[in-house]
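Spelled out from the first residue to the last, the chains are:
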Amino acid sequence: MSKEKTIMITQTRNTSFTPRRTTMQPSMRRNQNGTRYRSETKLGPVAHTVLVALMITVLGLVYLTQATKTTAYSYEVQDLDTQISELSAKKSELEVQNARLTALERVKGSAVATAMTTPEATDYVR
Amino acid sequence: MQSRTFSRTDILAMILLGCMAIFVLRLFWLQIVEYDTYKEIARQGQQRSFTIPATRGEIYMQDKGTAVPVVLNKAVFTVFADPATVQEKDRSEIVSVLRDVAGGEMLNDVEAKLKKEQSRYEVLAKNISRTQAEKIKEKNFSGIGFSQGSVRNYPEGVLGAQVLGFVNTEGEGQYGIEQQLNDELKGRDGMLQSVADVRNVPLTLGKDNIRIEPQSGKNVVLTIDRNVQSYAEEALKRGIESAGATEGSVLVLNPNSGQVLAMANYPTYNPGEYYSVTDASAFLNTTTMVPYEPASVIKTFTLSTAIDKGAISPSTVYQNTDCVAVADRTMCNALRGLGGPTSMQQVLNNSLNVGTIFAARQLGDGQTVNASARQIMYDYFHNKFGLGEKTGIEVAEVGGYIYPPDSVEGNEVRYSAMTYGQSLSLTMIQVASAFSSVINGGEYYKPTLVAGTVDDQGNASYDTTKPLRRTISETTSAEMTNMLVTARGSSWMGRSDRAGYMIGGKTGTAETISSNGEYTQNETVATYIGFGGTDSPEYVIMVRVAAPGKGLNLEGGLHAGPVFTDISNWMIDYKKLAPRG
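Predicted model, so just to flag it, every value in this text is computed and none were measured.

**What about the overall build of chain B?**
From N to C terminus, chain B includes 18 helices and 24 strands. Its C-alpha atoms give chain B a radius of gyration of 35 Å, clearly above 25 Å, the size a compact globule of 581 residues would have. By its C-alpha atoms, chain B is 145 × 60 × 50 Å across when sized along the principal axes. Considering chain B as a whole, with its 581 residues, one finds that 52% of them fall into the buried category. Sequence-distant contacts, at least 24 apart, represent 72% of the contacts inside chain B between residues at least 6 apart. Of the roughly 26,300 Å² of accessible surface on chain B, 50% is carried by carbon and sulfur atoms.

Shown next, in the form of C-alpha cells:
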C-alpha cells in the first residue's frame, strides 16, 4: 500500500525538494531555507531560440520606444524654444514701442506739452 | 585518382555560400574597414551647428536719475533655405510668398539660390519683422528656416548721436560708446551642435551634442541726462544758426563728479540711418576727437597756477601795456587802450594777454617766462590739469599736445603764447575737466560717460566716482571761483544771468592758422566756459562755435556766450536751484 502511494506521488509531482542540510556548508545559519527548487521541465533548442528571439525583440522595441520618445522630446524642446524666442521678439517690440511713445521728441510734440506755458515767475519756499 | 562528384544541391549550397561570403566580406569592408569614413559622411549629413546669438547690451541715458533706454534691440529675422531639402514644386511658391511678404527685404536671385542643390544654406531675405516671418512660417515650406537676429533701434532719434555711435551691418560698434564698449556690449554668442532632422530641427539624439549658452552683453547706463542733452542740442543749434556758423559743440559736466551730463555736437545725424550720412565728419564727437586752441579760456589755468604758487594774488597789480616783447616777438592784447596799473582781476575781466604773460613771468625771475617758469607751467597744465593728455573718457579721444619745456618747441615764445591759450592743442573734454577742478575746490575727476549698468530685470546699479588728484589748493580754487564770477558779472553777459546765483565764466576767441601758417584774425573760433550754482558750482558748461573755411570772425562773448547763458538759465530751473538770500 505504501509502495503504491509512493508511486502515485511520483507520477503526480514532477518536482522534488532536495534537503540541503546534508550538503549544507558549515557557514549556513539556523532557520535558513534549506531546500532548493529544481524544475524538471526541460526546454528544447527551438524553444530556447524562440525565447532569445523574443527577448531580443522586446529589448529592440524598448530601445525604439525610448529613441522615439527622445526625438518627440526634441520637437517639444524645439517648440518651447520657438515660443521663447517669439515671446522675446514680442517683448523687444513692446519695449521699442514703449520707448518710442515716451521719447522726448514725442512728449514735446504732444498736445499736453504744446498747451503748456512758461511760468512768469518762480517763488521758492524756504 | 578518384574524382568527386557534386550534386546539384551541393552546387547550389556552394553558390549560396559564396554569395553569403561576398556579402559578409562587403559588409566587413563597409562596417569595419571603412567605418570612420562612413561615420564621418553620416555625421556631416545629420549633424548641424547652430549659432545662438548673444543679445547686444542696451544703452540707457538718465532722466532725473532714472535710467531710460535710448538704444534698444529690435528683433528681426533672416529667411534661409536648405536647397537640398526644398521641394521642387515649392520653389516658385516660395519666391512668390517672399516677394509678397518680405518685399524689399528679399535678396536678389532667390530662385537661382533655391536651385543650388549642392548648397545647404542660402539666405533669401534679411531683416524682416516678426509679423512678416510669421506669415512665411504659416506656409510651412520644407527646407525653409528662420534665424532670429536684432538690429539697433534709437527711439530718441538724433539725441546724443555722436556719444552713442551706431552698429554696422557686421554687428560691430562704430564711433561713440558702441565702438568703445563694443566688447562689453556685444556679449558672446552661444553654440548648439546637434543632429538635426530634415527641417533642421535639432534633435537630442547622439552623444556628440554640444550646447553652449550665449552670454548677453552688458546694459550700460550713461551719465548723460537726456533732458540736458536735448536742451543742449537745441541751444547749440539755435546759437550756431544765430551766429551764422556751421558747426559747434557743447559739454555739460557735473564738476563734483566728472560725470558728463550732455555732450552735444552740430551738425548731427540719426544713428538709425547712419548709412545715409554723406559727410563722415558728422560721426565725429568733436568734444573729444578734435583738438583746437581754446584761446583765452586758458587764462583761467595760468592765473590758477600763478596764484597757487603764490606768485600773484587777485589783487596783484602790474603796468599794463597794449603789447609786450617776448624774445624776438611782440605779443599784444586783443583789447587795446587799457594801459596803466591793472589788477589780475582786470586781466580776467578784459582778457588781457599781456597780463597773463606777466603772471607767468612771476613764476620765474619776473622778467621772462624762463625755464623755471615754464617747468612750473608744464607741471600744472600737463601733469595736474591733464591738458594735452587723453582723459580716459569712455569714447574715442585724441590727446592733443603741450610741448614740454625741455623740448626745442617748448621755448619762451611758445609758453608765453600758452598763457593765453595759443600754441597748444587741446580737446574740449580736457579743458572742461580741468576747469571743473579749478572751481570745485581743486580736485580733478576723470570725466566719465558711464554711470553704471542695468541688469536683466531692469535694476540699475551706479558706480561711484572719486577724485584722481589735487590740482590746486582749496584757497586758490575759492579765489579763482570768485574771480570768474566777478569777470562774468563785469561783462554784459552777466546781465542775462538769473539773480541770486553764482555764475562765472571766461570767454575765448581763438585765431586760426591761415594757409601761410600764420595766425589770422580773419577767421576765429568762439569758446565760452563757465559754471553755475547757488552757493557752489553745480554744473560746468563749455561751448564752442566755429565756421571752418567761411572766414567768420566769431567771438567767445558774442557767439558762444549766449549759448552758455541759455543753457545755464535752463539748468537752474531743471536742477530746481533756489537763489541765495
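**Some points on the confidence of the model for chain B**
Note: predicted coordinates in regions of low pLDDT should not be interpreted at a detailed level. Residues of chain B with pLDDT of at least 70 account for 99%, and the chain-wide mean is 91. Reported for the predicted complex are a pTM of 0.81 and an ipTM of 0.74.

**Observations concerning the sheet that holds strand β23 (residues 519-533) of chain B**
Residue and element names in this part refer to chain B. Spatially, β13-β12-β24-β23-β22 is the arrangement adopted by the five strands of the open sheet, whose pairing is antiparallel. The two strands at the open ends of the sheet, each matched to only one other strand, are β13 (260-266) and β22 (502-513). Within this sheet the neighbouring strands show an average axis-to-axis angle of 10 degrees, counted without direction. One ladder, built from 12 bridges, connects β22 with β23; its direction is antiparallel. Within β23, the residue paired with T509 across the bridge is A526.

**Focus: the nonpolar core**
Residue and element names in this part refer to chain B. In terms of nonpolar packing, the biggest core is built from 89 residues, with I177, F301 and F381 touching the most fellow members. Residues within four places of F301 in sequence aside, it is in contact with F381, F385, L387, V431, A434, F435 and V438. Of all hydrophobic cores here, the second largest spans 32 residues; its members include V250, A262, V545 and M571.

**Structural notes on the environment of V395 of chain B**
Structurally, the position occupied by V395 of chain B is in the loop between α14 (371-384) and α15 (412-418). Not counting residues up to four positions away in its chain, the partners in contact with V395 of chain B are V163, G176, I177, Q180, N285, T288 and L449 of chain B.

**Side note on the packing of helix α9 (residues 226-243) of chain B against helix α18 (residues 556-574) of chain B**
Residues and elements named next belong to chain B. The N-to-C vectors of α9 and α18 enclose an angle of 155 degrees; their axes lie 9 Å apart at closest approach. By the angle class used here, α9 and α18 are roughly antiparallel. Crossing of α9 against α18: the hand is right-handed. Contact residues: α9 offers N227, V228, Y231, A232, A235, L236, R238, G239 and A243, while α18 offers H559, V563, D566, I567, W570, M571 and Y574.

**A few points about the interface of chain A and chain B**
At the junction of the two partners, chain A supplies 24 residues and chain B supplies 33 residues. Summing both partners gives a buried area of about 2,400 Å² for chain A against chain B, and 50% of it is carried by carbon and sulfur. When the buried surface of chain A facing chain B is broken down by residue, E93, L104 and Y124 of chain A rank first, second and third, together holding 24% of it. Run the count over chain A and chain B and you get three salt bridges. Here R130 of chain B makes a salt bridge to E93 of chain A, at a shortest N to O gap of 3.3 Å. Across the chain A-chain B interface, the total number found is seven residue pairs in polar contact (both at pLDDT 80 or more). Among the secondary structure elements, those contributing two or more residues to the side of chain A that touches chain B are α2 (45-101) and α3 (104-108) of chain A.

**Focus: the packing of helix α3 (residues 91-101) of chain B against helix α5 (residues 130-137) of chain B**
All names here are of chain B. Axis separation between α3 and α5 bottoms out at 10 Å; the angle between their running directions is 155 degrees. Put simply, α3 runs roughly antiparallel to α5. The element α3 and its partner α5 pack so that their crossing is right-handed. Every residue of α5 that contacts α3 at V97, L98 and V101 is listed here: Q132, K135 and I136.

**Points about the packing of aromatic side chains**
Two aromatic rings, taken as a pair, are described by how far apart their centres are and by the angle between their planes. Residue and element names in this part refer to chain B. Summed over all chains, the structure comprises 16 aromatic pairs over all chains. Relative to Y274, the ring of F166 lies with its centre 4.0 Å away and its plane at 10 degrees, an arrangement referred to as stacked. In this pair, F166 sits in strand β6 (residues 166-167) while Y274 sits in the loop between β13 and α10 (286-289), placing the two residues 108 residues apart along the sequence. A relative accessible area of 5% places F166 in the buried class. Aromatic side chains F435 and F531 sit 6.2 Å apart centroid to centroid with 40 degrees between the ring planes, which places their arrangement in the tilted category. Separated by 96 residues along the polypeptide, F435 in helix α16 (residues 428-439) and F531 in strand β23 bring together distant segments of the chain. Across the pair, exposure class does not vary: F435 and F531 are buried alike. Grouped by ring-pair contacts, the aromatic residues F166, Y175, Y269, Y274, Y275 and F283 constitute a single cluster. A cation over a ring is seen here: K137 above F146, with NZ or CZ 5.4 Å from the ring centre. Sitting over the face of the ring of Y292, R544 holds its NZ or CZ atom 5.6 Å from the ring centroid.

**Digging into the layout of surface pockets**
All names here are of chain B. Taken as a whole, the second largest pocket encloses approximately 1,400 Å³ of empty space. Looking at the second largest pocket, it is lined by 50 residues, and the ones nearest its centre are S296, A334, N353, T509 and E511. At the level of secondary structure, the elements contributing two or more residues to the lining of the second largest pocket comprise β16 (329-332), α12 (344-350), α15, α17 (474-489), β22, β23 and α18. Per-element tally for the lining of the second largest pocket: the top contributor is β22, with eight residues.

**Notes on the side chain of R56 of chain B**
Within the secondary structure, R56 of chain B is located in the loop between β1 (47-52) and β2 (59-63). The residues contacting R56 of chain B, other than those within four sequence positions of it, are N73, R152, V167, G171, G173, E178, N182, L185 and K186 of chain B.

**Quick word on empty space enclosed by the protein**
Residues and elements named next belong to chain B. On inspection of all chains with the given rule, the structure shows two cavities of 30 Å³ or more. Considered as a void within the structure, the second largest cavity measures approximately 30 Å³ in volume. In terms of lining, the second largest cavity is formed by L253, N254, P255, G258, S433, S436, S437, N440, E443, Y444 and Y445. Looking at the lining of the second largest cavity, the elements that each hand over two or more residues are α16 and β18 (443-444). Take the lining of the second largest cavity: its biggest share by element is three residues, from α16.

**Side note on the state of the cysteines**
All names here are of chain B. In this structure the tally under the stated criterion is one disulfide over all chains. Residue C323 pairs covalently with C332 via a disulfide, S to S 1.9 Å. Here the S-S torsion is close to 105 degrees, and the disulfide linking C323 with C332 is therefore right-handed. C332 sits in the partly exposed class, given a relative accessible area of 22%.

So, how was this worked out
Residues numbered from 1 in each chain as written. Chains lettered and ligands numbered in written order. Predicted model: local features only at pLDDT ≥ 70, side-chain atom pairs only at ≥ 80, totals over all residues. Heavy atoms only, no water. Helix = DSSP H or I, 4+ residues; strand = E, 2+ residues; numbered from the N terminus. Rg over C-alpha atoms; globule rule 2.2 N^0.38 Å. Buried < 20%, exposed > 50% of the residue type's maximum accessible area, 1.4 Å probe, protein only. Contact = heavy atoms within 4.5 Å. Areas by Shrake-Rupley, 256 points an atom, 1.4 Å probe, with all protein chains shown as cover. pLDDT = per-residue confidence, 0-100. Pairing = 2+ DSSP bridges. Axes fitted to C-alpha atoms, helices over the stretch in contact; angles between N-to-C directions. Core = buried A, V, L, I, M, F, W, Y, C linked by side-chain atoms within 4.5 Å. Parallel < 35°, antiparallel > 145°, perpendicular 65-115°, else oblique. Left-handed = near helix turned anticlockwise from the far one by under 90°. Buried area = accessible area lost by both parts, 1.4 Å probe. Salt bridge = Lys/Arg side-chain N within 4 Å of Asp/Glu carboxyl O. Polar contact = N/O pair within 3.5 Å; in protein donor to acceptor, adjacent residues only side chain to side chain. Phe/Tyr/Trp six-rings, centres within 6.5 Å; stacked < 30°, edge-to-face > 60°. Lys NZ or Arg CZ within 6 Å of the ring centre and 35° of its normal. 1 Å grid on protein atoms, 1.4 Å probe; cavity = no way out; pocket = protein on both sides within 12 Å on 5 of 7 lines; lining within 4 Å. Points joined across faces, edges and corners; volume = space filled by probe spheres on them. Disulfide = S-S within 2.5 Å.

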